[in-house]
Amino acid sequence: MVSSEYDLKTGSPRPSWQEYFMKITAEIASRSTCRRRRCGAVIVKDERILSTGYNGVPSGLAHCLERGCLREDKGIESGQRHELCRGLHAEQNALLQAALYGVKIKDSVIYSTHKPCSLCSKMIINSGIKKIYYREGYPDELAEELISEANIEAVCLTDSGL
C-alpha cells in the first residue's frame, strides 16, 4: 500500500489516489461489452472524477456479447487494424462523454486499465490530458512514440507496486 493514511473507524490503510482511481477503472471495465478485453477509463482533475468510459459499441447498437466479435471472426490480432471493430475504446468513451456533457478536461489525468492504443493516444494528446496512468500494457509501438513525442507522462502502476 502506497498511502500511510488510515481509516479512523477500521484502522485499515486508505488507498493512495492512484490506487483508488485504478480500482475504479476496474469497476468501470465490468460494464464492458467486448468479448476480447474488458477496459475501463476515468478522467480526473484535482482528485475529482470528470468522466468515465468502458469499451463497447456505440449506444443503441447490438453488443458484441450478443452479435459476436468482428475481430475474432476475421482473426485480427490485438493492437492491429483498430478500424475493424464495432466498439469504442474506454478512453474514447470517456473523452466523448466529457464532450457530450460539456466537461472541460484540459490539464487532467486519465487512468486506464490498459495503456492507450495509437488512436486513443492521439485523442488524449489533442484533448489536453497531461498524464496517463495504466495497469496493463498494450501492443502498439506507435502509441509509445506519440505519447513520448507529446511529452505526456505515461506511468504503469503495476511497475510501481500497486
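This structure is a prediction, so every number in the text was calculated from the model and none was measured. (Residues numbered from 1 in each chain as written. Predicted model: local features only at pLDDT ≥ 70, side-chain atom pairs only at ≥ 80, totals over all residues. Heavy atoms only, no water.)

What to know about the packing of helix H4 (residues 90–100) against helix H5 (residues 118–127)
Two quantities define a packed helix pair, namely the angle between the helix axes and the distance between the axes. The following threshold applies: In this analysis an axis means a line fitted to C-alpha atoms, helices contributing only their contacting stretch, and an angle means the value between N-to-C directions, from 0 to 180 degrees. Going along the chain from the N terminus, every DSSP run of H or I of four or more residues is numbered as a helix, and every run of E of two or more is numbered as a strand. With respect to orientation, any angle under 35 degrees is reported as roughly parallel, any angle over 145 as roughly antiparallel, any angle of 65 to 115 as roughly perpendicular, and every other angle as oblique. Each crossing is labelled by how the near helix is turned from the far one, with a counterclockwise turn of less than a right angle marking it left-handed and a clockwise turn marking it right-handed. The contact rule is simple, with two residues in contact once any of their heavy atoms fall within 4.5 Å. When residues are grouped by polarity, Ala, Val, Leu, Ile, Met, Phe, Trp, Tyr, Cys and Pro land in nonpolar, Asp, Glu, Lys and Arg in charged, and all others, Gly among them, in polar.
The contact between H4 and H5 brings their axes to 9 Å, and the two run at 30°. Classed by the angle they form, the pair H4 and H5 counts as roughly parallel. The crossing of H4 and H5 is left-handed. Note on element contacts: H5 touches H4 through Leu119, Cys120, Met123, Ile124 and Ser127, opposite Glu91, Gln92 and Leu95. Its residues assigned to classes, the contact of H4 with H5 shows 5 nonpolar, 2 polar and 1 charged.

Quick look at the pairing of strand S4 (residues 131–136)
Our working definition: Any two strands with at least two DSSP-identified bridges between them are counted as paired. With the strands pointing away from the viewer, any crossover whose connection runs clockwise from the first strand over the helix to the second is right-handed.
Here strand S3 (residues 109–114) runs beside S4; their pairing, made up of 5 bridges, is parallel. Residue pairing across strands places Ser112 opposite Tyr134, the latter belonging to S4. Handedness of the β-α-β unit built from S3, H5 and S4 comes out right-handed. Examined bridge by bridge, S4 and strand S5 (residues 153–156) share 4 bridges and lie parallel to one another.

Overview of the state of the cysteines
Basically, it comes down to this: Here, the term disulfide refers to a pair of cysteine sulfur atoms separated by no more than 2.5 Å. Burial classes follow relative accessibility: with a 1.4 Å probe on protein chains only, a residue under 20% of its type's maximum area counts as buried, one over 50% as exposed, and anything between as partly exposed.
Within this structure, the stated rule accounts for 0 disulfides. Cys117 carries a free sulfur, and the closest cysteine sulfur to it, the one in Cys120, is 3.8 Å from it. Since its relative accessible area comes to 1%, Cys120 is described here as buried.

Observations regarding the environment of Glu83
In this structure, Glu83 sits in the loop between helix H3 (70–74) and H4. Looking at Glu83, the relative accessible area reads 53%, which means it is exposed. Note: C-alpha distance between Glu83 and Arg71 (12 residues apart in sequence) is 9.9 Å.

Concerning the side chain of Ser121
For the record, the criterion: Counting of polar contacts relies on pairs of N or O atoms within 3.5 Å, with two restrictions inside protein: one atom must be capable of donating a hydrogen and the other of accepting it, and residues adjacent in sequence are counted only when both atoms are side-chain atoms.
Mapped onto the secondary structure, Ser121 falls in helix H5. A relative accessible area of 1% means that Ser121 is categorised as buried. Here Cys117 takes part through its backbone oxygen, which lies 2.7 Å from a polar atom of the side chain of Ser121. Not counting residues up to four positions away in its chain, the partners in contact with Ser121 are Pro116, Ala143 and Ile147.

Considerations on the sheet that holds strand S1 (residues 40–45)
Taken in spatial order, the 5 strands make up an open sheet running S2-S1-S3-S4-S5, and their pairing is mixed. Here the strands that pair on one side only, and so sit at the sheet edges, are strand S2 (48–54) and S5. Between one strand axis and the next, the sheet turns through 20° on average, direction left out of account. Contacting S1, S2 and S3, H4 runs over the sheet at an angle of about 130° to S2.

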